[in-house]
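Here is what each chain is made of, one letter per residue.
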Amino acid sequence: MTQRAPHSSGEQIPGTSGSDGGTGPAMIDAGAELDPVHPVDLPAPPANTRGLTAAEVAERIARGEVNDVPVRSSRSVREIVRANVFTRFNLIIGVLWLIMLFVAPIQDSLFGFVIIANTGIGIIQEWRAKKTLDSLAVIGEAKPTVRRDGVSAEISTSEIVLGDLVELSPGDKVVVDGAVVEADGLEIDESLLTGEADPVLKRPGDTVMSGSFVVAGGGSFAATKVGREAYAAQLAEEASRFTLVQSELRTGISTILKYVTWMMVPTAIGLVVSQLVAQDNNIKDSIARTVGGIVPMIPEGLVLLTSVAFAIGVVRLGRKQCLVQELPAIEGLARVDVVCLDKTGTLTEGGMDVTEVRMLGDAQDAYVRRVLGALGASDPRPNASLQAIVDAYPDGEEWRCTQTLPFSSARKYSGAAFDEGGGRTSTWLLGAPDVLLPERDPALDEIEQLNQQGLRVLLLAKARGELQGPDAATGAVPSALVVLEQRLRPDAEETLAYFADQNVAAKVISGDNAVSVGAVAGKLGLPGAENTLDARRMPTDPDDMATAMEQNAVFGRVTPQQKRDMVAALQSRGHTVAMTGDGVNDVLALKDADIGVSMGSGSEATRAVAQIVLLNNSFATLPSVVAEGRRVIGNITRVATLFLTKTVYSVLLAILVVCSQVDYPFLPRHLTLLSTLTIGVPAFFLALAPNKERAHPHFVRRVMRYAIPSGVIAGVATFVTYLIARHHYTGADALDAETSAATLTLFLVSMWVLAIIARPYTWWRICLVAAMGLAFLVVLVVPWLQEFFALKLVGTMMPWTAVGIAVVAAAVLELVWRLIGRRFPA
């Protein structure tokens, strides 16, 4: 994809003119193509690095040159209403409802009011979820640092104007397109744009594209494209965070609804012909009974209840400062059986403390302290390790820094060259001892002992070669060991215990020394923490790597590409993998994992690619997300069986009626009552109930293996009762008596299906089932409700026969469910 600069030919990039004696304005040809993969060679920007003045910012705002692209964190209210109202099944039910309003009493049109209420609930719940999501998205929004009038300040992305000087640090996301003005070992990862994992070294004049991010070094760039012109804005318009992307649950429901539609259409046509043509009945009564046969075939509440369950899940997690950027992430995390954790920022807090500096060889303590102070002062954007050194040795500006090598997770070390004064110069490296030292160096034994205590050790070494050369570490002379102590997260131990209890394997994947990481994990009680592996000895064959991943729990010295390969290896064995992290080195693995989880304080890049962002930076929030996902998936599987049992018995009853050439036994009011008491109300409460069972695959198979036999048993039992009642009752009101007997059987069998699904029983589930049974009993005994719902049991023999048939059907149901559970486990 190519981008064309918005300036006229030869126009100066705003904010880069040399007002302080620079080499002159930087020029960009408007005809130049800005390619995110192969940046064009641009003239180096001038020396002016103060950024725009307040007057220039105001001028650009007046011209509309502002990065004012609205961030779509959720669907608009109009889209929410449209998605909930204009559905295929709502259209069918709406037409049938209008027909019933003209041909039958209002009680036969109750199903229409129920749909209006359900749709309203869906709209309100999703609107609440939208408000939660939008407010959390603002909290988690990237805040780039912009330099204006020589002063750096964080501003909202939408406040950036054309020509602004945007500063970059490791982990920062490039939020608008631009041209590099300053570069200090600046390495940009453009994998989100190009698919290439190798970072690109940027120099002044090179282009940077929005959507990329900094992996090493720092610098600044002048914004050349803002608003809808920027590459990121064009990507953002193609997707919405609230979009319901592919998920097994929604795909399964869509598949079910497709088959239901195929069954429903021919069955409904046959029922219409049977009732309107074959039966010589009153036309209005025939229409009412035809509609009564069609409406219950539609599992309209299933889609609605799924949306409501997801929306409520978003609201619940939002209250815990958890931003769900993609709704199916809740479902995905419920299916996770392996969670890969990055130690820093997940098991440990970001800060560290220098506990000791051990001299090596003939190094002098005072001199080493000066070197450490100078190294700390040389990096304007220190990482957590270097920040601990800065805190311990704050006076380090005596020496002049002549060259720097920023830390890279691939290199495992950083460095700097100094002019010490008096004509003396030196070059120093600071990083992983097992990378900077040869394999059998005696100091490694001492380092191993420190690592086994869970301490982090850095090696300070004097380099002999060029700092920027590929062999900068070759022949480096070790001078001191810097011992750092990491701060453990107080909630990490409890969270790891939760995963162990839920049979979710935790794998700690870190760039640090494996033994040190294993010691930290051991302190937190991670199962298998003693099984550590140095990733440099990790097999490269995917199958062998998967075996190593399954056998070990702690991995050290892992490169960013290896993290990605590890995730792929686990997935190749059928594992559902979640990856947590907060650093740039985690981005590739977060992208490829089934679920990516980022800390809110993590780099902008990790927050951009993660499906879930923990805004409170608390690893302890993760069990809540897992529990919410399990609640949603487990409960939707439960209630889907209820809805589809109704669909199956409705289709079967219609087929039996057509084949037998008899009146359809029910009016719409009867099935509205049954659906409300045995499905609608119970399903709502069951869908929101706690559920800790881990989600299982094959949603459609799991639901249909119970729904089909349950629906068949309910339909057959009801039709048998109806046929017996037709022979038992005679006279003008016989059909009403036959309907009442059939309704009693269908209600009792449906109640038994509900009772099975409500297991395991708790006090509130028993009360729920009992309340539904009591409500039906009230309808049968209260005269005005009898009349309203056209339900009146006549005599004693036929009602008890209906009960007896229902008891037999319930026993068969119980037997069938147990056989299915044993012979066809999901």
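Rules and cut-offs
- The residue numbers shown here count from 1 along each chain, following its written sequence.
- For this predicted model, a pLDDT threshold of at least 70 governs which residues receive local features, and a threshold of 80 or more governs which side-chain atom pairs are given and counted, while totals over whole chains, interfaces and linings are taken from all residues.
- Excluded from the side-chain calculation are hydrogens and water; included are all heavy atoms of the structure.
- Where helices and strands are cited, they refer to DSSP runs of H or I of at least four residues and of E of at least two residues respectively, numbered from the N terminus.
- Per-residue accessibility, obtained with a 1.4 Å probe over protein chains only, is compared with the maximum for each type, and a residue is labelled buried under 20%, exposed over 50%, and partly exposed between these values.
- Any two residues whose heavy atoms approach within 4.5 Å are treated as being in contact.
- Working definition of accessibility: Shrake-Rupley area with a 1.4 Å probe, residue cover restricted to the visible protein chains.
- Strands are treated as partners if at least two bridges between them are detected by DSSP.
- Geometry is summarised by axes, namely lines fitted to C-alpha atoms with helices restricted to the contacting stretch, and by angles between N-to-C directions that run from 0 to 180 degrees.
- Each angle is binned into one of four classes, with values under 35 degrees roughly parallel, values over 145 roughly antiparallel, values of 65 to 115 roughly perpendicular, and all other values oblique.
- The hand of a helix crossing depends on one turn: near helix anticlockwise from the far one by less than a right angle means left-handed, and clockwise means right-handed.
- In this classification, Asp, Glu, Lys and Arg are treated as charged, Ala, Val, Leu, Ile, Met, Phe, Trp, Tyr, Cys and Pro as nonpolar, and every other residue, Gly included, as polar.
- Two joining distances apply to patches: 9 Å for like charges and 5 Å for nonpolar side chains (Val, Leu, Ile, Met, Phe, Trp, Tyr), and every residue must have over 30% relative accessible area and no salt bridge.
- Each reported salt bridge corresponds to a side-chain nitrogen of Lys or Arg within 4 Å of a carboxyl oxygen of Asp or Glu.
- Definition used in this section: a nonpolar core is a set of buried Ala, Val, Leu, Ile, Met, Phe, Trp, Tyr and Cys residues joined via side-chain atoms within 4.5 Å.
- To estimate the expected span of a helix, subtract one from its residue number and multiply by 1.5 Å.
- Here a polar contact means two N or O atoms within 3.5 Å. Within protein one must be a hydrogen donor candidate and the other an acceptor candidate, and residues neighboring in sequence count only if both atoms are side-chain atoms.

A. Quick look at the overall build of the protein. Secondary structure summary: the protein contains 27 helices and 23 strands in total. Across the 826 residues that make up the protein, the buried fraction comes to 56%. Residue pairs in contact within the protein that sit at least 24 positions apart in sequence constitute 73% of those at least 6 positions apart. Here the protein displays about 34000 Å² of accessible surface, and carbon together with sulfur accounts for 57% of that area.

B. Layout of the sheet that holds strand S21 (residues 577-581). What the 8 strands build is an open sheet, ordered S10-S23-S22-S21-S11-S18-S20-S19; its pairing is mixed. Either end of the sheet is taken by a strand with one partner, and the two such strands are strand S10 (322-324) and strand S19 (532-534). Direction aside, neighbouring strands of the sheet carry axes that sit 20 degrees apart on average.

C. Just the pairing of strand S4 (residues 151-154), in detail. The pairing of strand S3 (residues 145-148) with S4 spans 4 bridges and is antiparallel. Within the sheet, the bridge partner assigned to Val 146 lies in S4 and is Ala 153. Here S3 folds back onto S4, and the loop between the two strands holds 2 residues, one of which, Asp 149, carries a positive phi near 55 degrees.

D. Region of the structure containing the packing of helix H21 (residues 622-660) against helix H23 (residues 699-728). Running from N to C, H21 and H23 cross one another at 40 degrees; their axes reach a closest spacing of 7 Å. As summarised for this structure, H21 and H23 are arranged oblique, according to the angle between their axes. The interaxial crossing formed by H21 with H23 has right-handed handedness. The class makeup of the residues in the contact of H21 with H23 is 19 nonpolar, 8 polar and 1 charged.

E. Molecular detail of a nonpolar patch on the surface. Together, Leu 98, Leu 101, Phe 102, Ile 106, Phe 113 and Ile 116 give the surface a local cluster of nonpolar side chains, amounting to about 620 Å² of exposed area. Counting residues per element, the ones that place at least two in the nonpolar patch are helix H3 (88-103) and helix H4 (110-139).

F. Highlighting the nonpolar core. Core analysis: the biggest nonpolar cluster contains 121 residues, and Leu 333, Leu 526, Ile 612, Phe 619 and Phe 776 have the highest contact counts within it. When residues in this core are grouped by element, the largest group, 16 residues, is from H21. In this structure, Ile 612 is in contact with Cys 322, Leu 323, Ala 329, Leu 333, Ile 595, Gly 596, Val 597, Ser 598 and Val 625, ignoring residues within four places of it in sequence.

G. Helix H24 (residues 734-757), seen in detail. Over its 24 residues, H24 runs 35 Å from end to end, which matches the ideal 34 Å to within 8%, given 1.5 Å per residue. Here H24 lies mainly inside the structure; 21 of its 24 residues are buried.

H. Region of the structure containing the pattern of salt bridges. Going through the model one piece at a time under the given rule, you end up with 20 salt bridges. Between Arg 358 and Glu 356 there is a salt bridge, and its shortest N-O distance comes to 2.8 Å. With a relative accessible area of 26%, Arg 358 lands in the partly exposed category. Among the residues examined, Glu 356 registers a relative accessible area of 31% and is labelled partly exposed. Between Glu 446 and Arg 358 there is a salt bridge, with the nearest N and O atoms lying 2.9 Å from each other. One end of the pair, Glu 446, is in helix H14 (residues 443-452); the other, Arg 358, is in strand S12 (residues 348-359), and 88 residues separate them in sequence.

I. How the structure looks around the side chain of Ser 426. Relative to the helices and strands, Ser 426 is located in strand S15 (residues 424-431). Reaching out from Ser 426, the side chain makes a polar contact with the side chain of Trp 428 at a distance of 2.9 Å. In this structure Ser 426 touches Tyr 367, Trp 399, Ala 416, Ala 417, Phe 418, Glu 420 and Lys 462, once residues within four positions along its chain are discounted.

J. Layout of the packing of H24 against helix H27 (residues 797-823). Two elements in contact, H24 and H27, have axes separated by 8 Å at closest approach and are oriented at 30 degrees. With respect to H27, the element H24 is oriented roughly parallel. The handedness of the crossing between H24 and H27 is right-handed. Facing H24, whose interface residues are Ala 741, Leu 744, Thr 745, Leu 748, Val 749, Trp 752, Val 753, Ile 756 and Ile 757, H27 presents Met 798, Pro 799, Ala 802, Val 803, Ile 805, Ala 806, Ala 809, Ala 810, Leu 813, Glu 814 and Trp 817. The class makeup of the residues in the contact of H24 with H27 is 18 nonpolar, 1 polar and 1 charged.

K. Quick look at the environment of Gly 178. Tracing the backbone shows Gly 178 in strand S6 (residues 177-189). The buried category is assigned to Gly 178, whose relative accessible area is 3%. Separated by 13 residues in sequence, Gly 178 and Leu 165 place their C-alpha atoms 9.2 Å apart. Here Gly 178 is in contact with Asp 206, Thr 207, Val 208, Phe 221, Ala 222, Ala 223 and Thr 224, once residues within four sequence places are set aside.

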